[in-house]
Each structure stands twice: as C-alpha cells, then as structure tokens.
Amino acid sequence: MTPRLASGLIVNALIRRIEAAGGFATVLAKGHHEAGAILILAMERGANPRFFERGPGPDGAPTLVRSGPMEMPDAGAIGEYWQRRRSRDPDLWVVELDIAEAERFAAETIIGG
C-alpha cells in the first residue's frame, strides 16, 4: 500500500494552487491533520455549487466523485449539508474552491497527493 500525504498538507497545497491560478479557496472546517477526509465545495463565481470527495472510481482506483445533493436552492442548503457531514465525522475537512475547473484542480491535488 502506498502511503498518502497528510490531509492538512493536501489541503494547503490545493489552496495555494487555486490562489496561484487567480481563484479563491478557503477552509470552512478543519479536520484531522493526518487522515481526515476532504470534502470539496466547488463553485464558479459564487454560482453552481457542487460537492466532491475522494472515492473509488468504476475500476476501483481512487478518483474524485460527486457527493451531496444535486441541487442546492440556497446558501442554507449548502451549509446544512456539510455541517451535517461534520457532525457525523469531526475529522472531515471542508474546503471551498471558487474558480473555473475547480474539480480538475481538486482531482489533480487530492488524487495525486
């Protein structure tokens, strides 16, 4: 089994990459530094919110998979979802990315890390 980088390091690298590309990134909730799962809230110009996280792909290899509700009518629904997840998993990181192709940045950093 290949060792994975610590979650805190992956989140830090992701934020730096997004900011270097001219986007906005922030940690909404800090999880366990070493092994916490990472939930991504991806948006573009504050619109079209969607959640992603690391999971198994069709071939069993790690990939970035869509999670959460497919439609979120307002900011309250966004907060409710990730806060409910955090209540069940206090080690969970929640990271907001606001940039075009947020999923690509997240996949390259999380799966590559």
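Everything below is about the structure shown above.
Presented here is an overview of the structure given in this document. Owing to the predicted nature of the structure, the values given are computational and were not obtained by experimental measurement.

Describing the pattern of salt bridges
Reasoning step 1: On inspection of all chains with the given rule, the structure shows five salt bridges.
Reasoning step 2: Close ionic contact of Glu108 with Arg17 constitutes a salt bridge, the shortest N to O distance being 2.7 Å. In this pair, Glu108 is assigned in helix α3 (residues 102-110) and Arg17 in helix α1 (residues 7-20), connecting sequence segments 91 residues apart.
Reasoning step 3: A salt bridge links Arg50 to Glu103; the nearest nitrogen and oxygen atoms lie 2.4 Å apart. Residue Arg50 is found in strand β3 (residues 47-56), and its partner Glu103 is found in helix α3; the two are separated by 53 residues along the sequence.
Reasoning step 4: By relative accessible area, Glu103 is classed as partly exposed at 27%.
Reasoning step 5: When salt bridges that share partners are traced, they join Arg17, Glu101, Arg104 and Glu108 into one network.

Quick look at α1
Reasoning step 1: A rise of 1.5 Å per residue sets the reference length of α1, with its 14 residues, at 20 Å; its end C-alpha atoms lie 20 Å apart and thus fit the reference within 8%.
Reasoning step 2: Those residues of α1 not exposed but buried are Ser7, Gly8, Ile10, Val11, Leu14, Ile15 and Ile18. Down the axis of α1, the sector holding all buried residues measures 160 degrees, keeping them to one side. Exposed and oriented more than 90 degrees from the buried face of α1 are Arg16 and Ala20.
Reasoning step 3: The secondary structure elements touched by the buried residues of α1 are β1 (24-29), β2 (38-44), β5 (93-98) and α3.
Reasoning step 4: Two residues or fewer after α1 comes Gly22, characterised by a positive phi angle close to 90 degrees.

Quick notes on the sheet that holds β5
Reasoning step 1: Strand order across the open sheet formed by five strands is β1-β5-β2-β3-β4, with mixed pairing between neighbours. Each edge of the open sheet carries a strand with a single partner, namely β1 and β4 (62-67). Between one strand axis and the next, the sheet turns through 25 degrees on average, direction left out of account.
Reasoning step 2: Examined bridge by bridge, β2 and β3 share five bridges and lie antiparallel to one another. The partner of Leu39 across the bridge, within β3, is Glu53.
Reasoning step 3: With respect to the sheet, α3 is in contact with β2, β3, β4 and β5, its orientation differing from that of β2 by roughly 155 degrees.

The rules behind the values
- Residues numbered from 1 in each chain as written.
- Predicted model: local features only at pLDDT ≥ 70, side-chain atom pairs only at ≥ 80, totals over all residues.
- Heavy atoms only, no water.
- Salt bridge = Lys/Arg side-chain N within 4 Å of Asp/Glu carboxyl O.
- Helix = DSSP H or I, 4+ residues; strand = E, 2+ residues; numbered from the N terminus.
- Buried < 20%, exposed > 50% of the residue type's maximum accessible area, 1.4 Å probe, protein only.
- Expected span 1.5 Å × (residues − 1).
- Arc of directions from axis to C-beta.
- Contact = heavy atoms within 4.5 Å.
- Pairing = 2+ DSSP bridges.
- Axes fitted to C-alpha atoms, helices over the stretch in contact; angles between N-to-C directions.

Any functional reading would require information beyond the geometric quantities listed.
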